[in-house]
Amino acid sequence: MPDIHIHREHQLGLKEARKIAFSWAEKAEEKFDMECVYEEGDTEDTLTFSRSGVKGTLLVDATQFEMKAQLGFLFGAFKDRIESEIGDQLDALLNGKPAKAAGKKAAADAEEPKKDKTPAKAAPKAAAKTPAKTAAKPKKA
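Attention here is on the structure that accompanies the text. Because the structure is a prediction, the values reported are computed rather than measured.

### Focus on the pairing of strand 3 (residues 44-51)
Thinking step 1. With five bridges connecting them, strand 2 (residues 35-39) and strand 3 associate as antiparallel partners. Within strand 3, the residue paired with Y38 across the bridge is L47.
Thinking step 2. Turn length for the strand 2-strand 3 hairpin, with the two strands adjacent in sequence and antiparallel, is four residues.
Thinking step 3. Bridge count for strand 3 against strand 4 (residues 54-61) is eight bridges, and the pairing is antiparallel. Note on strand 4: the bridge partner recorded for E44 is D61.
Thinking step 4. Counting the residues in the hairpin turn of strand 3 and strand 4 gives two residues, including G53, whose phi is positive at 90°.

Written out as structure tokens, the structure reads:
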């Protein structure tokens, strides 16, 4: 199976990096129909994501993001494009800019008053996995 590996260093600290990772998870659930489970740790968090044909993890710590994903046969043909788009999305989040592909949704969100979307308050505490279509926020394990 083709693999995707994306590594981004940052100087945000774990608290801010966690917010970015959580934001990425929300977008992955919404845009790509991913099922995401976010697990907070003392020094590192793990975001596990999956859907038919794709599964992977995003490791988040105080200085870096490291994403590893495995693509099924059909998605393998689009490996370079998928890797590029995910990298662009992470870069946009790290630079505080909406991702190019977000379109009208990002513009609408920018006009709404800011809400506290910290992972500890925004995610349900249930560890049970449910399909992404029915989940409003990424789940915390």
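### Overview of the packing of aromatic side chains
Thinking step 1. As enumerated under the stated definition, the model contains two aromatic pairs in all.
Thinking step 2. When the ring of F22 is compared with that of Y38, the centres are 5.9 Å apart and the planes differ by 75°; the resulting orientation is edge-to-face. In this pair, F22 is assigned in helix 1 (residues 13-32) and Y38 in strand 2, connecting sequence segments 16 residues apart.
Thinking step 3. Residue F22 is classed as buried on the basis of its relative accessible area of 1%.
Thinking step 4. Taking the relative accessible area as the measure of exposure, Y38 reaches 0% and is therefore buried.
Thinking step 5. Geometrically, the ring pair formed by W24 and F49 is edge-to-face, given 5.4 Å between the ring centres and 70° between the ring planes. In this pair, W24 is assigned in helix 1 and F49 in strand 3, connecting sequence segments 25 residues apart.
Thinking step 6. Judged by relative accessible area, which is 2%, F49 ranks as buried.

Rules and cut-offs
- Residues numbered from 1 in each chain as written.
- Predicted model: local features only at pLDDT ≥ 70, side-chain atom pairs only at ≥ 80, totals over all residues.
- Heavy atoms only, no water.
- Pairing = 2+ DSSP bridges.
- Helix = DSSP H or I, 4+ residues; strand = E, 2+ residues; numbered from the N terminus.
- Phe/Tyr/Trp six-rings, centres within 6.5 Å; stacked < 30°, edge-to-face > 60°.
- Buried < 20%, exposed > 50% of the residue type's maximum accessible area, 1.4 Å probe, protein only.

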